[in-house]
Amino acid sequence: MSDTPSEAPVKSILPKWVRGPQDFVGGLAMMAVALFALWASSDLQGMHGFSFGAGTAPRMFAVLLLLLGGAVALMGLLHDGPHIAAYSWRGPLFVSAAIVFFAVAIRPLGLVVSAFAAFLIAALGSHETRWIEAIIVGGCLTLGCALLFPYVLGLPMPMFPRFLIQ
């Protein structure tokens, strides 16, 4: 089985005037993210004179992303390009699940357990994961987090599960 797409005719839901569907849809997605960022930063303070407000940088980057997304979408209209490739949901699904797990588990389970478990959940996102290597890397990253956050940065984080501390 090959990762390269086949040259079979592809049925598209996009109009015929879209010559590069992958570029066009990618540009639209970038523009959607930029519009969301502009909306999300709309209540933040902007520039006053020469001083930056909290919303200045997010708005500048959102406008830049909006312009770049428009350029990519325009390239999809003007130049022939690849069709929309098949997308694997496994990686983003497990990485998102790992982030949500970490956010929910950090207080009751502590940094050590939740960071290590979140790393292993994210490792499920690839069918190429070598579990011995994942466990070693997860342990090293957990040790690094356990030293960095409470000792180097001085953040008050629970290190171990509540039931072990009490």
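First, a word on scope: everything that follows refers to the structure included in this document. In this text, all values refer to a predicted model and were calculated from it rather than measured experimentally.

Once that is clear, we can look at the pattern of salt bridges. Using the criterion set out here, one finds two salt bridges in the structure. The partner of Asp80 in a salt bridge is Arg19, and the shortest N-O contact between them spans 3.0 Å. Within this pair, whereas Asp80 is found in the loop between α2 (56-78) and α3 (90-123), its partner Arg19 is found in the segment before α1 (21-40), the two being separated by 61 residues in sequence. Under the relative-accessibility criterion, Asp80 is labelled exposed at 61%.

Inspection of the entire model under this criterion finds one aromatic pair. Seen from their ring centres, Phe36 and Trp39 are 5.7 Å apart, and the 40° between their planes marks the pair as tilted. Here Phe36 pairs with Trp39, and both are found in helix α1, just three residues apart, close to one helical turn. Judged by relative accessible area, which is 53%, Phe36 ranks as exposed.

In terms of nonpolar packing, the biggest core is built from five residues, these being Ile106, Leu111, Ala115, Ala146 and Met159. Among the elements that take part in this core, α3 stands out by supplying three residues, more than any other. When neighbours within four sequence positions are excluded, Ala115 is seen to be in contact with Phe102 and Thr142.

With that settled, the discussion passes to the side chain of Ser41. Tracing the backbone through its elements, the reader meets Ser41 in the loop between α1 and α2. Those residues in contact with Ser41 that lie beyond four places of it in its chain are Pro58 and Arg59.

Contact pair α1 / α2: the axes reach a minimum separation of 7 Å and the direction vectors enclose 160°. Here α1 lies roughly antiparallel to α2, going by the angle between them. In this structure, α1 meets α2 at a crossing whose hand is left-handed. Touching Asp23, Phe24, Gly27, Leu28, Met30, Met31, Val33, Ala34, Leu35, Ala37 and Leu38 of α1 are Arg59, Ala62, Val63, Leu65, Leu66, Leu68, Gly69, Gly70, Val72, Ala73, Gly76 and Leu77, all from α2.

Here Ser42 is to be found in the loop between α1 and α2. Accessibility expressed as a relative area gives 48% for Ser42, which makes it partly exposed. Once the C-alpha coordinates of Ser42 and Gly55 are considered, the two residues, 13 residues apart in sequence, prove to be 7.4 Å apart. A polar contact is formed between the side chain of Ser42 and the backbone oxygen of Trp39, at a distance of 2.8 Å.

About the cut-offs
Residues numbered from 1 in each chain as written. Predicted model: local features only at pLDDT ≥ 70, side-chain atom pairs only at ≥ 80, totals over all residues. Heavy atoms only, no water. Salt bridge = Lys/Arg side-chain N within 4 Å of Asp/Glu carboxyl O. Helix = DSSP H or I, 4+ residues; strand = E, 2+ residues; numbered from the N terminus. Buried < 20%, exposed > 50% of the residue type's maximum accessible area, 1.4 Å probe, protein only. Phe/Tyr/Trp six-rings, centres within 6.5 Å; stacked < 30°, edge-to-face > 60°. Core = buried A, V, L, I, M, F, W, Y, C linked by side-chain atoms within 4.5 Å. Contact = heavy atoms within 4.5 Å. Axes fitted to C-alpha atoms, helices over the stretch in contact; angles between N-to-C directions. Parallel < 35°, antiparallel > 145°, perpendicular 65-115°, else oblique. Left-handed = near helix turned anticlockwise from the far one by under 90°. Polar contact = N/O pair within 3.5 Å; in protein donor to acceptor, adjacent residues only side chain to side chain.

Function cannot be read off these values alone, since they describe shape.
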